[in-house]
Amino acid sequence: MEKKISVVVVTYNGEIWIKKNIDSLLKSNYPIDIIVVDNASTDQSIANLKEYKNIQLIQNNKNLGFGKANNIGIDIAIKNGADAIFLLNQDSWIFENTITNLAEKLFENPDFGMVSPMHYSINENVLDNSFSTYYNKYKNEIDSNSIRIVPFVNAAAWLVSKKCFIKVGYFDPIFNHYGEDRNFCDRVHYHKFKIGIVKNAVICHDRIVKLNSNKIILQSQYLVLIQVINCNNSLFSSLLLGLKSVFGLPKFHFKSQGLLKSIYLLYKLKLYYFRLLLDIKTIKQIRFNSKIGINGIYTP
């Protein structure tokens, strides 16, 4: 008997993608339930979604961000008996055999907590730029089942086992829109699950990464936080790695941002790091919760 898979899609003002996203899921040759969690869209997203009678639509009254909205869908899926949950970005679409090929690898390899497909760009021929960076970095890590073992893959498309969510927990609500996927991957490793990219499964991701100063500051702060709360390292090592990022990130962004903006980024990161130190009790609690998974703060 086939394992039950539920799909969770979080939407926010995604009317330009919704039809292609949902239609591709409905063409999947693996039977799925579809749960859409909308983050209070103000465009025609809700109207478009209500045209589909075979999806479960959850409407939030405010934008909860990526992680917390996904937590709602994940929790519903698990309570409805899902054996695995497929998280798919609203600006992505799949092919008929995408979920089938992912499910085959995930359920045949219980040491894997999550698997992801190959992420292609909108033209369906070229790998997504960000995805190709870390995919090619680990090109020698291929096992006999054609899964590339990686420490991280972004959450545009994850098939995660129920067992993994029960052990690891959900997305940490301390993150709003950036960083929650990397933090989750860190916790997956702590709980001794593997992360794999399945070579014969494909999605397309329609995105253009645009950076501005405010976005770089926010993402950099979350990267420092990720280092500090990473339970794979001791608290002392994590604090040192976070401090290293405080100085390393402005240097990394120097070419694109220039001297003044890099100095300002360094100032903001120093201030952020100091605030983390002042709230070390909370940091310790988050690290502890990372080790106990769903019994901690990760449930919605």
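These figures come from a predicted structure and were not determined experimentally.

**Q** Looking at this structure, how should I read the nonpolar core?
**A** Where a protein is soluble and globular, its nonpolar side chains tend to be buried together. Ranked by internal contacts, the top residues of the largest apolar core, which has 36 residues, are I85, M114, V153, W158, F165 and F184. When residues in this core are grouped by element, the largest group, six residues, is from helix α3 (residues 65–79). Of all hydrophobic cores here, the second largest spans 29 residues; its members include I18, L49, I55 and I147.

**Q** Which parts of the structure should I look at to understand the packing of helix α8 (residues 213–229) against helix α11 (residues 280–292)?
**A** Axes are the key here: two packed helices are described by the angle between their axes and the distance separating the axes. In contact at an axis separation of 9 Å, α8 and α11 are set at 65° when each is read in the N-to-C sense. When the axes of α8 and α11 are compared, the pair comes out roughly perpendicular. In this structure, α8 contributes L225, V228 and I229 to the contact, and α11 contributes I283, I286, R287 and S290. Among the residues making up the contact of α8 with α11, the classes are represented as five nonpolar, one polar and one charged.

**Q** Can you walk me through the pattern of salt bridges in this structure?
**A** A side chain with one charge may pair with a side chain of the opposite charge, provided their charged atoms come close. Scanning the entire structure with this criterion turns up five salt bridges. For K4, the salt bridge goes to D33, with nearest N and O atoms at 3.4 Å. Of this pair, K4 sits in the segment before β1 (5–11) while D33 sits in strand β2 (residues 32–38), and the two are 29 residues apart along the sequence. Residue D128 pairs with R207 through a salt bridge whose shortest N-O separation is 2.6 Å. Highlighted residues: D128 in the loop between β6 (112–120) and α5 (129–137) and R207 in the loop between β9 (194–205) and α8, separated in sequence by 79 residues. Judged by its relative accessible area of 6%, D128 is buried.

**Q** Please clarify how the packing of aromatic side chains should be interpreted in this entry.
**A** Each pair of aromatic rings is reported with the distance of its centres and the angle of its planes. Taken as a whole and judged by the stated rule, the model has eleven aromatic pairs. A centroid spacing of 5.9 Å and a plane angle of 25° characterise the contact between W158 and F171, whose relative ring orientation is stacked. You can see W158 sitting in strand β8 (residues 157–161) and its partner F171 sitting in the loop between α6 (162–168) and α7 (180–190), a full 13 residues away along the chain. Residue classification places W158 among the buried residues on the basis of a relative accessible area of 0%. Note on F171: relative accessible area 1%, which makes it buried. Every member of this aromatic cluster is reached through a ring pair, and the members are F66, W158, F165, Y170, F171 and F184. Residue placement shows R148 over the ring face of Y135; its charged tip is 3.8 Å from the ring centre. If you follow R182 out to its NZ or CZ, it ends over the ring of F152, 3.9 Å from the centre.

**Q** Sorry if this is basic, but what is going on with the pairing of β9 here?
**A** Two faces, one strand: in a regular strand the side chains alternate between the faces of the sheet. Inspection of the sheet shows strand β5 (residues 92–94) paired to β9 by three bridges, in the antiparallel sense. When the bridges of β9 are listed, I94 appears paired with I203. Where β6 and β9 come together, eight bridges link them in parallel fashion. The partner of Y120 across the bridge, within β9, is C204.

**Q** In this structure, what is going on with the environment of L265? I would like to understand it.
**A** If you trace the backbone, L265 turns up in helix α10 (residues 254–278). For the pair L265 and S45, spaced 220 residues apart in sequence, the C-alpha separation works out to 36 Å. Sequence-distant contacts of L265, defined by excluding residues within four places in its chain, comprise I216, I217, S220, L249, P250 and H253.

**Q** Would you mind going over α5 with me for this structure?
**A** In an α-helix, one full turn covers 3.6 residues, which means residues spaced three or four apart are oriented alike. If you check which residues of α5 are buried, you get F131, S132, Y134 and Y135. Buried residues in α5 make contact with β6, β7 (147–149) and β9. Two or three places before S130, at the start of α5, stands the capping residue D128, its side-chain oxygen 3.2 Å from that residue's backbone nitrogen.

**Q** Would you mind going over the state of the cysteines with me for this structure?
**A** What we call a disulfide is simply a covalent bond connecting the sulfur atoms of a pair of cysteines. Counting across every chain of the model gives zero disulfides. Not engaged in a disulfide, the cysteine C185 finds its nearest cysteine sulfur in C164; these two sulfurs lie 9.2 Å apart. Of the residues examined, C185 reaches a relative accessible area of 1% and is grouped as buried.

**Q** Just to check I follow, could you spell out unusual backbone geometry for this structure?
**A** As a rule of thumb, non-glycine residues mostly have phi less than zero, and peptide bonds are mostly trans rather than cis. Despite not being glycine, E124 shows a phi value in the positive range, around 65°. Note on placement: E124 falls in the loop between β6 and α5. With a phi close to 70°, K192 is a non-glycine residue in the positive phi region.

**Q** Mind showing me how you'd approach the packing of helix α9 (residues 235–252) against α10 here?
**A** Look at α9 against α10: their axes get within 6 Å of each other, and the N-to-C directions meet at 160°. Between α9 and α10, the angle is such that the two are roughly antiparallel. Here α9 contributes L239, G242, L243, S245, V246, F247, L249, P250, K251 and F252 to the contact with α10, which in turn contributes F254, K255, S262, L265, L266, L269, K270, Y273 and L277.

Parameters and conventions
Residues numbered from 1 in each chain as written. Predicted model: local features only at pLDDT ≥ 70, side-chain atom pairs only at ≥ 80, totals over all residues. Heavy atoms only, no water. Core = buried A, V, L, I, M, F, W, Y, C linked by side-chain atoms within 4.5 Å. Buried < 20%, exposed > 50% of the residue type's maximum accessible area, 1.4 Å probe, protein only. Helix = DSSP H or I, 4+ residues; strand = E, 2+ residues; numbered from the N terminus. Axes fitted to C-alpha atoms, helices over the stretch in contact; angles between N-to-C directions. Parallel < 35°, antiparallel > 145°, perpendicular 65-115°, else oblique. Contact = heavy atoms within 4.5 Å. Nonpolar A, V, L, I, M, F, W, Y, C, P; charged D, E, K, R; others polar. Salt bridge = Lys/Arg side-chain N within 4 Å of Asp/Glu carboxyl O. Phe/Tyr/Trp six-rings, centres within 6.5 Å; stacked < 30°, edge-to-face > 60°. Lys NZ or Arg CZ within 6 Å of the ring centre and 35° of its normal. Pairing = 2+ DSSP bridges. Polar contact = N/O pair within 3.5 Å; in protein donor to acceptor, adjacent residues only side chain to side chain. Disulfide = S-S within 2.5 Å.

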